[in-house]
Amino acid sequence: MKKYFILLLVVLASLLSPTSSKAAEVKWDGAQVVKGQAGKMTFTKDVKVYKKNTDGSFSSLTVKRNNYFRVYDIEKYDNKIFYWMSSGYRVQATNLVVFKEVPLDIRAYFYDNPGLIYINRQDGKPLGYGDHLLSKNIPGSADYNPYNDVVQFKIGKKLYYYFYAAPFEGNPLEVYIDSSDIRIAEATPHVKDYYTLNADAQLLSGPMTGARVLEQASKGAAFELLGIEINGYHMVKSPTTWRHGYIPVKALQPAQKQDKRFIRYGVYVGGKHGELKRFDEVTFLSEDTTTALIEFKGEKYTVPKKALATIRPNEAPVITSGFLPSDTLQQLTYNTVYTKTGNQRFDTDYDFQYITYHETDQAFYYEKDGTQYIFEKPITEGSKVTIRDRNEFVRAIHYTLTTPAGTFNNVVETSTSILYAPGYGELGSAYDLQLRSFK
């Protein structure tokens, strides 16, 4: 009885033990293929191949004619091709080398979620070195938008690449990409959250060294993790520039709560809460030279570093007079020069570009190039602003603001991010300060 019980346990163990189809042996072109293999290589005669050691010396290996060797990595640049064998040996493609690329679908078989990285550095190619190849905006998908570009990749023996630029005029780009131009790495799902840099780092266009540098980021900068880890990199988004890119996993760490701060003036953060107001208490997490990462009621946001105060800030200024351009102001230079031509009016050489303004007991009226702004009196944070018949509000009043045109006091920022300096008028938007000079 004991013997049958042991036999039953063995059978149950074999049935319940997880097995993976990935473990099955894969053969192609008469030989076994292994994970990470990009191709196979033979030589037309006996040759020596070399590798560079860590101490700077070189080692050699004699390879025999018609013996095959696995190729694990490929470099293509300056109209040259190099094949990397195991143990660090590198061979340049010549008429002595016979190379065969493993079909991409066979290579991808070894991965649960194959991430495709473009590795061809040769000029004139449609993709950039290090690019992480992701399909997006596919027709028929739930998030399809006919006003966005269509990018689609399909894995076969080679990689099918389809690109159609909005607004869909002309012919799309349709090409097949050699398997040897692609490196495969496991794309692992990762929690979506804000992480911060533990050292200065570069935001790259792709998840590998040598990819194009999108921007330099300093220690403490916050990045939003987008849920994919690939080839030792996190896919991230910069909350300040909105660029998508890649940063090494080892350069990022979870944001840690530090201390309490106050919002110094109204600021837009988006997400669940939209606008934060002066005096709101937040938890400070991290900062770089310009931007801070905070937490407010369980949600993480980024704000300008200068929008935070360690002590409760002063009350917002209240503007009751002197908001419109002063009588002594004669000229305002934006992309075009506006010159004072009469009482409460500036004109340009173009009929459609002008500034007019006046005030009543209830409001300040300011019109630039056909767009009218009505500021309800008194102006303070939260007070009503009407823009093109839309109800907006004053988001913030900045005690001082320095721009290319000079330093201004009590600058009003609307909920549309337009800035106004009392006594001067519109400065431009918070993202595009258009006033260049005045006199």
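The structure we're discussing is the one just above.
Residues numbered from 1 in each chain as written. Predicted model: local features only at pLDDT ≥ 70, side-chain atom pairs only at ≥ 80, totals over all residues. Heavy atoms only, no water.

Undergrad: Can you help me understand the overall build of the chain in this one?
TA: Scanning the chain for helices and strands turns up two helices and 42 strands. Here the chain has a C-alpha radius of gyration of 31 Å; the compact-globule value for 439 residues is 22 Å, and the former is much larger. Reported as C-alpha extents along the three principal axes, the dimensions of the chain are approximately 95 × 70 × 50 Å. Counting the 439 residues in the chain, one finds 43% classified as buried. Accessible area of the chain: about 24,300 Å², with a carbon and sulfur share of 49%. (Helix = DSSP H or I, 4+ residues; strand = E, 2+ residues; numbered from the N terminus. Rg over C-alpha atoms; globule rule 2.2 N^0.38 Å. Buried < 20%, exposed > 50% of the residue type's maximum accessible area, 1.4 Å probe, protein only. Areas by Shrake-Rupley, 256 points an atom, 1.4 Å probe, with all protein chains shown as cover.)

Undergrad: Would you mind showing me how to read the environment of Gly88 here?
TA: Counting through the fold element by element, Gly88 comes out in the loop between strand 8 (80-84) and strand 9 (90-92). In contact with Gly88, not counting residues within four places along its chain, are Tyr50 and Lys51. (Contact = heavy atoms within 4.5 Å.)

Undergrad: Before we go on, may I ask you to explain the sheet that holds strand 14 (residues 173-177) in this structure?
TA: Either a parallel or an antiparallel arrangement is found when strands of a sheet pair, and the pairing is made through backbone hydrogen bonds. Spatial ordering of the open sheet is given by 12-13-14, a layout of three strands whose pairing is antiparallel. This sheet does not close on itself; its edge strands, each paired only once, are strand 12 (150-155) and strand 14. Across this sheet, the average inter-strand angle for adjacent strands is 15°, counted without regard to direction. Pairing geometry for strand 13 (residues 159-164) and strand 14, over five bridges, is antiparallel. Following the sheet pairing, Tyr161 is matched in strand 14 by Val175. (Pairing = 2+ DSSP bridges. Axes fitted to C-alpha atoms, helices over the stretch in contact; angles between N-to-C directions.)

Undergrad: Explain the pairing of strand 13 to me, please; I cannot follow it from the model alone.
TA: Successive residues of a regular strand alternate their side chains across the two faces of the sheet. Of all six residues in strand 13, five are buried, a share of seventy percent or more. Following strand 12, the chain reverses through three residues before pairing antiparallel with strand 13.

Undergrad: Hey, could you run me through the pairing of strand 26 (residues 281-287) in this one?
TA: Alignment of strand 23 (residues 259-263) against strand 26, held across four bridges, turns out to be antiparallel. Looking across to strand 26, one finds that Arg261 is bridged to Val282. Inspection of the sheet shows strand 26 paired to strand 27 (residues 291-296) by four bridges, in the antiparallel sense. For Thr283, the partnering residue across the bridge sits in strand 27 and is Glu295.

Undergrad: Help me understand the pattern of salt bridges in this model?
TA: Side chains that differ in sign of charge can pair as their charged atoms come close. Going through the model one piece at a time under the given rule, you end up with 24 salt bridges. The salt bridge involving Glu392 is made with Arg390; its shortest N-O contact spans 3.5 Å. Here Arg390 falls in the partly exposed class, since its relative accessible area comes to 39%. Through salt bridges with shared partners, one network takes in Asp193, Lys257, Glu295 and Lys300. (Salt bridge = Lys/Arg side-chain N within 4 Å of Asp/Glu carboxyl O.)

Undergrad: What's the story with the side chain of Ser205 in this structure? I'm lost.
TA: Its place among the elements puts Ser205 in the loop between strand 17 (201-204) and strand 18 (213-217). You can call Ser205 buried: its relative accessible area is 14%. Every residue in contact with Ser205, bar those within four places of it in the chain, is listed here: Tyr129, Asp131, Ala211, Arg212, Leu214 and Tyr246.

Undergrad: How should I be thinking about the nonpolar core in this particular structure?
TA: One broad rule of soluble globular proteins: the nonpolar side chains tend to lie buried together. One finds Phe323, Phe375, Ile379 and Val412 to be the most contacted residues of the largest nonpolar core, which totals 30 residues. Secondary structure elements with two or more residues in this core: strand 33 (354-359), strand 34 (363-368), strand 35 (371-376), strand 36 (384-387), strand 37 (390-403), strand 38 (406-414) and strand 39 (418-421). Beyond its immediate sequence surroundings of up to four residues, Phe375 is in contact with Phe323, Gln362, Ala363, Phe364, Lys384, Val385, Val412, Thr414 and Tyr420. Grouped together as the second largest cluster of nonpolar side chains are 20 residues, Tyr111, Leu116, Leu133 and Ile182 included. (Core = buried A, V, L, I, M, F, W, Y, C linked by side-chain atoms within 4.5 Å.)

Undergrad: Mind showing me how you'd approach the sheet that holds strand 29 (residues 308-309) here?
TA: Taken in spatial order, the five strands make up an open sheet running 28-27-26-23-29, and their pairing is antiparallel. The open sheet has two edge strands, strand 28 (299-304) and strand 29, and neither has a second partner.

Undergrad: In this structure, what is going on with the side chain of Thr42? I would like to understand it.
TA: On the secondary structure map, Thr42 appears in strand 3 (residues 39-43). Sequence-distant contacts of Thr42, that is, excluding residues within four places in its chain, are made with Asn66, Asn67, Tyr68, Leu96, Val97 and Val98.

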